[in-house]
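Spelled out, the chains give:
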Amino acid sequence: MAKLNINGKPYDVDVDPTTPLLWAIREQVGLTGTKYGCGVAQCGACTVHIDGSPVRSCVMPVSAAEGKKITTIEGLAVNGVLTKVQKAWHDHEVPQCGYCQSGMIMAVTSLLNSKPKPTDADIDAAITNICRCGTFQQVREAIHAAVKA
Amino acid sequence: MDMNTMPKLPKVSRRTFVVGTAAAGTGLAIGMKMPPFGPGAVRAQDTVPEITQWVVIKPDDTVVIRIARTEMGQGTLTGLAQMVAEELECDWSKVTTEYVTPGQSVARKRAWGDFSTGGSRGIRESHEYVRKGGATARTMLIQAAADAWKVPAGECSAANSVITHNPSGRKVTFGKVADAASRITPPKDVALKDPKTWKVIGKPVKRLDTVDKLTGKQVYGADLKMPGMLNAAIMECPVFGGKIKSFDSAKVASRKGVKKVLQVGDSAVAVIADTWWQAKTALDALPIVWDEGPNAKVSSASIAETLKAGLDADQAFVGNDAGDAKGALAGAAKKVEAVYAYPYQNHACMEPMNATAKYTADKCEVWVPTQNGEAAFAATLAASGLPADKCEVYKIHCGGGFGRRGAFHDYVTQAVLIAKQIPGVPVKLLYSREEDMRQGRFHPVTQCKLVGGFDASNNLVGLHMRISGQSILSSVRPEALVKGMDPATFQGLARGGEFEYGYGGIPNLLIDHAMRNPHVPPGFWRGVNINQNAIYAECFMDELAFAAGQDPLEFRRKLMAKNPKHLAVLNAVAERVGWNKPAAKGVFRGLAQMKAFNSYVAACAEVSVDGNKVKVHRIVAATDPGYAVNPAQIERQIAGSFVYGLSALFDQECTVKNGRIVEENFNSYACMKIAQMPKVESIVMPSGGFWGGIGEPTICVAAPAVLNAMAAAMGGKRIRSFPLKNHGITLV
């Protein structure tokens, strides 16, 4: 039994401690906004925040996340009020299929928390998520818009 | 065979519509007959105040527009709603959408027509009947209001969901008369609006499906949850055509959560468990012995040898010809020759393939992200053995499609075969990324030998393009072959039609195909055969211009006098990029154009090359799709298609070794990231009078434009086999 704190709520999760955090979040806790894309930390669709830092949850065992503050995509908007990143995503109509966008938004939110005014080079270095629809042009526009918001 | 009369893909008879579900690797297609789509559509039996099959209006004025095609990111859901709304004259802010199901459609004489969402046909092949659905509903709503007011309908008009009796100024909203309107007999025919008067079509209205994708709320197939649901992981024989010999269930049966270990068909094994992670890890630990079959020694090298032999083979299908190319080349003063090769590639949708099925003796239900609900339905019928009235398919939002979820429903077949072995329990089958990569329906492999000839004055007198390689239709839809020829092989190279070759001025032309079909199952991959055909045709066009010492734009223009719409998009990108002025220092330009899926597309890339590093700074792209339903979404499709196309050009190959695919995840099958993204400038230039596709056409011009710019940067040095990573080249 692992004790997790996700989006400010405690959860007792009955899984093998080696289970990736991603699958505990999706299958035990039931929050499916965090996506499975590759399972090997390549695509970033599973990105969550652990104590504020972006982590690819598909390769982090549940045991390593115990006692830490986990935030998923469902934990960003409070009472339905979108964050400035989500708002910029909405205004710039970033998502196409949308499957990668939870991870993309989590990665960008974390970038802006650590670097409130990132340059294009900062964006290139920090945002390594895969998007097969190819929304990168809108992602970049939306990041710059979120900075100004 | 006259390519002018070549039907578009897929060939669909108006009288009998057969939905095929390809059986992997066997070339066998099973199909079900669908009733014809037509005016005899049966009205809904329930109490829904449906005006037409496309429009439901609730008492609070909410407009529900029904959608049969699939949204997979390309924006077709919003575009289709725009077209219904335009004719309905409703308030756009009150519009919502819902998917219809194939089971309902079949029960109602195929009321919603074709569900297929591939070949960039979502809008261009349904625009007329969905607009009529909106116009018919408007007519009925007006009639209902007029009846209530006891005035002639001709004195009333509708706008913004409000009907007005013009002489008296009386008004009523759609919601108030919807129930009465739903009881009126629909008019036999309705006139559609003049495109010049469109208010919603052609406007960059916001997508209807954004918000839930920002908060994690959007449910994809992989996210489905149902009471009592179990999860399945699957592995099929990694060698295509192989079978199961044995597997040792006892080794994993006692693992926590594991419920069953099952054989699925004759080539796959699945583990069912409480959670997918339990199922997946148990499957990883399950000893399986495969009978790898006759293809266990096939490799990329052996396939390449087979294709190479086709380049000079005597027998070939002629897809396009004019004059006497062979004679002209024999008498040419100068000849240029090149051989290109294009690899297998996987769609690699972000959401791996999945389907959820529940089976009982008298009902089979499937929930699946699919590009073609009817094909999923046909697969459900075939796998369950139940008749159409006992099956239903519910479409779930797709995490990408790109062609993998259109013609192929192998995962539906598997999910149903699993569910049949555990009746009454819903089972969600989800591929691991590795399974998804191993069991693709791959972009086909081809090579192309091109020979061009000049006369003594450096005029191009002849061109022969010999394609050798794989036919998709032979495997997927053999009934669409024409006397053995696969017309789709010639996409972008055809004599006329929606894939018309743009160089009508070449006096002697021969484009032919030596069909060579390896055992790897091919599929429709975004853009299909235009990806490699555009590289072959447009890179070689630059090679010819280079050999003639002529500017590549001027060289093309001379051959395009008979192709004014092709030329118009090419000219548009040349003008926007400033072709006649030099590029920035160290930056080189390349052009490409094509017509595909009935749209004209062109691109000019600006590229710099530093050793083995290539930077694509900017791509200017133009498209003439006839009508542009939502220009903002078109711009996103253009830029997005370039990401897909350039990922393929630089980094993606599915290598075949010992009969199976080597690359199993994104660490060996890289995809473009934001750092590599060029600035894309789109020119959307609809010229009217025809309907072209959006999602796919532009993909094909990115790669040849970049390759031509790279060759310009490298003093004419060309790379002709792909991906470029095989030559040590990286996109930065």
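1. Comments concerning helix α18 (residues 699-713) of chain B
All names here are of chain B.
(1) Moving on: Relative to the 21 Å expected for 15 residues at 1.5 Å per residue, α18 spans 22 Å between its end C-alpha atoms, a close match to the ideal helical length.
(2) Moving on: With 13 of its 15 residues buried, α18 lies for the most part within the structure.
(3) Moving on: Glycine 715 sits one or two positions beyond α18 and adopts a positive phi of about 65°.

2. Observations concerning the nonpolar core
(1) Moving on: Among the nonpolar cores identified, the biggest contains 214 residues, and Trp89(A), Ile418(B), Ile535(B), Leu649(B), Phe650(B) and Val706(B) are the most heavily contacted of them.
(2) Moving on: It is helix α14 (residues 530-548) of chain B that provides the largest number of residues to this core, a total of eleven residues.
(3) Moving on: Apart from the residues lying within four places of it in its own chain, the contact partners of Phe650(B) are Val614(B), Val706(B), Met710(B), Pro723(B), Leu724(B), Lys725(B), Ile729(B), Thr730(B) and Leu731(B).

3. Overview of the interface of chain B and chain A
(1) Moving on: Contact with chain B, which involves 59 residues of that partner, is made by 51 residues of chain A.
(2) Moving on: Roughly 4,500 Å² is buried in total at the junction of chain B and chain A, and carbon and sulfur atoms are behind 56% of that figure.
(3) Moving on: Looking at the side of chain B facing chain A, the largest losses of area belong to Leu214(B), Met350(B) and Ile674(B), adding up to 19% of the total buried there.
(4) Moving on: Linking chain B to chain A there are three salt bridges.
(5) Moving on: Here Asp223(B) ties to Lys35(A) by a salt bridge, and the two come within 2.4 Å at their closest N and O atoms.
(6) Moving on: The interface formed by chain B and chain A includes 28 residue pairs in polar contact (both at pLDDT 80 or more).
(7) Moving on: Those elements giving two or more residues to the side of chain B that touches chain A turn out to be α5 (212-215), α7 (276-285), α12 (433-438), α17 (631-651) and β29 (679-684) of chain B.
(8) Moving on: Top contributing element to the side of chain B that touches chain A by residue count: α17(B), with eight residues.
(9) Moving on: Here the side of chain B that touches chain A is built from residues that sort into 26 nonpolar, 20 polar and 13 charged.

4. A word on the domain arrangement of chain A
All names here are of chain A.
(1) Moving on: Assigned domains within chain A: domain 1 (2-75) and domain 2 (84-148).
(2) Moving on: With 17 residues of domain 1 at the interface, the matching set in domain 2 holds twelve residues.
(3) Moving on: Roughly 1,100 Å² is buried in total at the junction of domain 1 and domain 2, and carbon and sulfur atoms are behind 57% of that figure.
(4) Moving on: If you look at where domain 1 meets domain 2, you find zero salt bridges.
(5) Moving on: Viewed at the interface, domain 2 and domain 1 are joined by six residue pairs in polar contact (both at pLDDT 80 or more).
(6) Moving on: Mapped onto the side of domain 1 that touches domain 2, the elements with two or more residues apiece are β3 (47-50) and β4 (53-56).

5. Describing the pattern of salt bridges
All names here are of chain B.
(1) Moving on: Considering all chains together, one arrives at 50 salt bridges over all chains under this definition.
(2) Moving on: Residue glutamate 292 pairs with arginine 660 through a salt bridge whose shortest N-O separation is 2.8 Å. Highlighted residues: glutamate 292 in the loop between β14 (288-291) and α8 (300-310) and arginine 660 in strand β28 (residues 660-661), separated in sequence by 368 residues.
(3) Moving on: Among the ionic pairs, arginine 618 bridges to glutamate 681, the shortest N-O distance being 2.7 Å. Of this pair, arginine 618 sits in strand β26 (residues 613-624) while glutamate 681 is found in strand β29, placing the two residues 63 residues apart along the sequence. Taken individually, arginine 618 and glutamate 681 each receive the classification buried, so the pair is uniform in this respect.
(4) Moving on: Each of Arg576, Arg589, Glu606, Arg618, Lys679 and Glu681 takes part in a single network of salt bridges with overlapping partners.

6. A look at the pairing of strand β9 (residues 170-173) of chain B
Residue and element names in this part refer to chain B.
(1) Moving on: As paired strands, strand β8 (residues 162-165) and β9 are joined by four bridges and run antiparallel to one another. Pairing of histidine 165 across the sheet is with arginine 170, part of β9.
(2) Moving on: Turn length for the β8-β9 hairpin, with the two strands adjacent in sequence and antiparallel, is four residues, and the turn residue glycine 169 shows positive phi of about 80°.

7. Things to note about the packing of aromatic side chains
(1) Moving on: Taken as a whole and judged by the stated rule, the model has 21 aromatic pairs over all chains.
(2) Moving on: Here the aromatic rings of Trp23(A) and Trp277(B) are separated by 6.3 Å at their centres, their planes lie at 20°, and the arrangement is stacked. On the criterion of chain membership, the pair formed by Trp23(A) in helix α1 (residues 21-29) and Trp277(B) in helix α7 is interchain, its members lying in two chains.
(3) Moving on: Ring centres of Tyr342(B) and Phe722(B) lie 6.5 Å apart, and the angle between their planes is 55°; on these two criteria the pair is classed as tilted. You can see Tyr342(B) sitting in strand β16 (residues 334-342) and its partner Phe722(B) sitting in the loop between α18 and β30 (730-731), a full 380 residues away along the chain. Each member of the pair Tyr342(B) and Phe722(B) is classed as buried.
(4) Moving on: Members of the aromatic cluster, each reached through a chain of ring pairs, are Trp23(A), Tyr36(A), Trp276(B) and Trp277(B).

8. Focus: the sheet that holds strand β22 (residues 460-469) of chain B
Residues and elements named next belong to chain B.
(1) Moving on: The strand order β15-β23-β22-β21-β16 describes an open sheet built from five strands, whose pairing is mixed. Sheet topology places β15 (317-322) and β16 at the edges, where each strand pairs with a single neighbour. Direction aside, the axes of adjacent strands within the sheet are offset by 10° on average.
(2) Moving on: Where α14 meets the sheet, it contacts β16, β21 (446-454) and β22, and its direction lies at approximately 155° from that of β16.

The rules behind the values
Here the residue index of a chain counts from 1 through its sequence in written order. Each chain gets a letter, beginning with A, and each ligand a number, beginning with 1, in the order they are written. Local features in this predicted model are restricted to residues of pLDDT 70 or higher, and side-chain atom pairs are both shown and tallied only at a pLDDT of 80 or more, whereas totals for entire chains, interfaces and linings draw on every residue. Processing note: side-chain calculations cover all non-hydrogen atoms of the structure and skip hydrogens and water entirely. Working definition: helices are DSSP H or I runs of at least four residues, strands are E runs of at least two. Numbering for both runs from the N terminus. A helix is expected to reach a length of 1.5 Å times the quantity of its residues less one. Under the scheme applied here, a residue whose accessible area is under 20% of the maximum for its type counts as buried, over 50% as exposed, and between as partly exposed, the area being computed with a 1.4 Å probe on protein chains only. As used here, the term nonpolar core means buried Ala, Val, Leu, Ile, Met, Phe, Trp, Tyr and Cys residues forming a set that is joined through side-chain atoms within 4.5 Å. Here, two residues are considered to be in contact whenever any of their heavy atoms come within 4.5 Å of each other. As used here, buried area is the combined drop in accessible area, with a 1.4 Å probe, of two parts when they are placed together. Salt bridges are identified by distance alone: a Lys or Arg side-chain nitrogen within 4 Å of an Asp or Glu carboxyl oxygen. Identification of polar contacts relies on pairs of N or O atoms within 3.5 Å, with a donor-acceptor requirement for protein atoms, meaning one able to donate a hydrogen and the other able to accept it, and with residues adjacent in sequence counted only if both atoms are side-chain atoms. Under the scheme applied, nonpolar residues are Ala, Val, Leu, Ile, Met, Phe, Trp, Tyr, Cys and Pro; charged residues are Asp, Glu, Lys and Arg; polar residues are all the others, including Gly. Each domain's extent was defined by an automatic or database domain assignment. DSSP bridges decide pairing: two strands pair if at least two such bridges lie between them. Note on ring pairs: Phe, Tyr and Trp rings are taken, using the six-membered ring of Trp, and paired if centres are within 6.5 Å. Classes follow the plane angle, with under 30 degrees stacked, over 60 edge-to-face and the rest tilted. For helices, the axis comes from a line fit to the C-alpha atoms of the stretch in contact; other axes are also lines fit to C-alpha atoms, and the angle between any two N-to-C directions lies between 0 and 180 degrees.

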